[in-house]
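Each chain is listed here by its residues.
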Amino acid sequence: MSAPWKDKLKGNWNIAKGKIKQEWGDLTEDDLDYQEGKEDELVGRIQKKTGESKERVNEFLDNLKY
């Protein structure tokens with residue numbers, strides 16, 4: 001079963017991307033170059049760039065409101 005944020009992400013990527021950049025300003029457009037099916041890679045990129053835990057990243061993404 002996919003995480004709730006993965007379904008939201010597919011339909012609202014531009015909004016989500018803006019909110020992610022607001023939360024973690026160190027991320028670049030390249031870091032957030034989302035391709036369908038690459039959700040885990042996106043989480044990994046955010047973790048690597050920001051030092052956040054996987055749980056924290058997933059929690060943030062699950063709680064995105066758009």
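Before any of the text, the structure's been laid out above.
Right, let's walk through the structure included here. Everything numeric in this text was worked out from a predicted model, so none of it was measured. (Residues numbered from 1 in each chain as written. Predicted model: local features only at pLDDT ≥ 70, side-chain atom pairs only at ≥ 80, totals over all residues. Heavy atoms only, no water.)

Describing the packing of helix α3 (residues 39–50) against helix α4 (residues 54–62)
Contact geometry for α3 and α4: axes closest at 9 Å, N-to-C directions at 120°. For the element pair α3 / α4, the angle class is oblique. In the packing of α3 onto α4, the handedness of the crossing is right-handed. Across the interface between the two elements, V43, I46 and Q47 from α3 touch K54, V57, N58 and L61 from α4. In the contact of α3 with α4, the residues fall into four nonpolar, two polar and one charged. (Axes fitted to C-alpha atoms, helices over the stretch in contact; angles between N-to-C directions. Helix = DSSP H or I, 4+ residues; strand = E, 2+ residues; numbered from the N terminus. Parallel < 35°, antiparallel > 145°, perpendicular 65-115°, else oblique. Left-handed = near helix turned anticlockwise from the far one by under 90°. Contact = heavy atoms within 4.5 Å. Nonpolar A, V, L, I, M, F, W, Y, C, P; charged D, E, K, R; others polar.)

Points about α3
The terminal C-alpha atoms of α3, which comprises twelve residues, lie 17 Å apart, in line with the 16 Å expected from a rise of 1.5 Å per residue. Of all the residues in α3, the buried ones are E39, L42, V43 and I46. Buried residues along α3 cover an arc of 100° about the axis, so they all sit on one side. Every exposed residue of α3 that faces more than 90 degrees away from the buried side is listed here: D40 and K48. G51 sits one or two residues past α3 and shows a positive phi near 80°. (Expected span 1.5 Å × (residues − 1). Buried < 20%, exposed > 50% of the residue type's maximum accessible area, 1.4 Å probe, protein only. Arc of directions from axis to C-beta.)

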